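Structural description and commentary
Spelled out, the chains give:
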Amino acid sequence: MNSEKCAVCDGDMEHAYLPMKEWKIDGHLCGDCYSKKLSEFYPGDHVRVDLSDN
Ligand SMILES: [Zn+2]
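What comes next concerns the included structure. Worth saying up front: this structure is predicted, and the values here are computed from it rather than measured.

So, about the overall build of the protein chain. The number of helices and strands found in the protein chain is 1 helix and 0 strands. Residues classed as buried in the protein chain amount to 24% of the 54 residues present. Residue pairs at least 24 apart in sequence account for 8% of intrachain contacts in the protein chain once pairs closer than 6 positions are excluded.

The protein atoms donating to the zinc ion are Cys6 (SG), Cys9 (SG), Cys30 (SG) and Cys33 (SG), with metal-donor distances spanning 2.3 Å. Classification of the site at the zinc ion as tetrahedral follows from its 4 donor atoms and the range of 104 to 115 degrees in their angles at the metal. Counting gaps between the donor residues of the zinc ion yields the pattern C-x2-C-x20-C-x2-C. You can see cysteine 9 sitting in the segment before helix H1 (31-41) and its partner cysteine 33 sitting in helix H1, a full 24 residues away along the chain. For cysteine 33, a relative accessible area of 3% puts it in the buried group.

All right, on to the side chain of lysine 37 then. Mapped onto the elements of the fold, lysine 37 is located in helix H1. Sequence-distant contacts of lysine 37, defined by excluding residues within four places in its chain, comprise Trp23, Ile25 and Leu29.

For the rest of this paragraph, the subject is the packing of aromatic side chains. In this structure the tally under the stated criterion is 4 aromatic pairs. Centroid distance tryptophan 23 to tyrosine 34: 5.4 Å. Interplanar angle 55 degrees. Geometry classified as tilted. Residue tryptophan 23 is found in the segment before H1, and its partner tyrosine 34 is found in helix H1; the two are separated by 11 residues along the sequence. Here the two residues tryptophan 23 and tyrosine 34 agree in accessibility, since each one is buried. Relative to phenylalanine 41, the ring of tryptophan 23 has its centre 5.8 Å away and its plane inclined at 35 degrees; by these criteria the two rings are tilted. Note that tryptophan 23 is positioned in the segment before H1 and phenylalanine 41 in helix H1, a separation of 18 residues in sequence.

A few words now on the nonpolar core. For soluble globular proteins, the rule of thumb is that nonpolar side chains tend to be buried together. The biggest cluster of nonpolar side chains holds 10 residues, and these are Cys6, Met13, Trp23, Ile25, Leu29, Cys30, Cys33, Tyr34, Leu38 and Tyr42. With sequence-adjacent residues up to four places away left out, leucine 29 is seen in contact with Cys6, Ala7, Val8, Met13, His15, Ala16, Tyr17, Pro19, Trp23, Tyr34 and Lys37.

Conventions adopted
Residues numbered from 1 in each chain as written. Predicted model: local features only at pLDDT ≥ 70, side-chain atom pairs only at ≥ 80, totals over all residues. Heavy atoms only, no water. Helix = DSSP H or I, 4+ residues; strand = E, 2+ residues; numbered from the N terminus. Buried < 20%, exposed > 50% of the residue type's maximum accessible area, 1.4 Å probe, protein only. Contact = heavy atoms within 4.5 Å. Donors = N, O, S within 2.8 Å, 3.2 Å for Na, K, Ca; no water. Tetrahedral: all angles 85-135°; square planar, octahedral: opposite > 155°, others 65-115°. Phe/Tyr/Trp six-rings, centres within 6.5 Å; stacked < 30°, edge-to-face > 60°. Core = buried A, V, L, I, M, F, W, Y, C linked by side-chain atoms within 4.5 Å.

The following block contains the structure:
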């Protein structure tokens, strides 16, 4: 049983995702919030985390 709530939306989590430390979030994220945060921080590409200059 997993009774932990998402740190962002306070919803139930089927899977708990660990936030990146630069997101400054305490706790875990649900899949929805994790994807949203990914697209906020890394717009355009959810998969590749590329720190090279554009
Ligand atoms: Zn959430």
